[in-house]
Amino acid sequence: MRSRIRTDEGAASTELGYVFTFLLGVLLLSMFAVWSFEIETSTRERWNLAAIDANLADISAAIERADLASRDGDGIKYAEAVEWRYTEADETLFTLVLTDESLDLLHYEKSLDRSHSLSGTGLGNHSGEITIAGISHIWVIYEQGETRIDTMRPSF
């Protein structure tokens, strides 16, 4: 019995089909990985901005309540602790500035800068500048004609 070498091109085309199917699978999985990473990143950034905005809204509301208390008469003292929600941003680079017109959150990444307008209906001035570095509460304090923000609890 003599064996002869046959030229079978069907096997080669099957192998090429396997290789192309494998490469197509790698391409699709890579595209899925990039797509899911982008979704996760954008969701995380949106939640981070929502936490920052909620923090500023809470502090602004406490400042408005301090201004309301300032209109009650002489000798009024007011203090309120506002919980700071942690964010994913580097909070050591956040600076919270209170002026007569607004509450500003400054960060070297301009996309994280935020500002909340204040009504300014209190009898006193607004002042204060703090760095948000590992703090859990911000104190809004009114005494002696001044509304200020601080990281320390007042002594009165």
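Explain the environment of Glu83 here, please?
The topology assignment puts Glu83 in strand 1 (residues 78-83). Classification of Glu83 as exposed rests on a relative accessible area of 56%. For the pair Glu83 and Leu112, spaced 29 residues apart in sequence, the C-alpha separation works out to 19 Å. Ignoring sequence-local partners within four residues, the contact set of Glu83 consists of Asn55, Ser136 and His137.

Help me understand the nonpolar core in this model?
Ile59, Leu96, Ile132, Ile138 and Ile149 are the most contacted members of the largest nonpolar core, which totals 25 residues. Looking at this core, the elements with two or more residues in it are helix 1 (9-70), strand 1, strand 2 (95-98), strand 3 (102-106) and strand 7 (137-143). Of the residues forming this core, the biggest block, seven residues, is contributed by helix 1. The contact partners of Ile138, leaving out residues within four places of it in the chain, are Ile59, Glu80, Ala81, Val82, Trp84, Leu96, Ile130, Ile132, Ile149 and Asp150.

Honestly, the sheet that holds strand 7 in this entry has me stumped. Any pointers?
Sheet strands pair via backbone hydrogen bonds, and the direction of the pair is either parallel or antiparallel. The strand order across the open sheet built from four strands is 1-7-8-5, with neighbouring strands paired in mixed fashion. Looking along the sheet, the strands with just one partner apiece sit at the ends: strand 1 and strand 5 (125-127). Taken over all neighbouring pairs, the strand axes of this sheet differ in orientation by 15 degrees on average, direction set aside. One ladder, built from five bridges, connects strand 7 with strand 8 (residues 146-150); its direction is antiparallel. From the neighbouring strand, Glu143 faces strand 8, where its bridge partner is Glu146.

Conventions and cut-offs
Residues numbered from 1 in each chain as written. Predicted model: local features only at pLDDT ≥ 70, side-chain atom pairs only at ≥ 80, totals over all residues. Heavy atoms only, no water. Helix = DSSP H or I, 4+ residues; strand = E, 2+ residues; numbered from the N terminus. Buried < 20%, exposed > 50% of the residue type's maximum accessible area, 1.4 Å probe, protein only. Contact = heavy atoms within 4.5 Å. Core = buried A, V, L, I, M, F, W, Y, C linked by side-chain atoms within 4.5 Å. Pairing = 2+ DSSP bridges. Axes fitted to C-alpha atoms, helices over the stretch in contact; angles between N-to-C directions.

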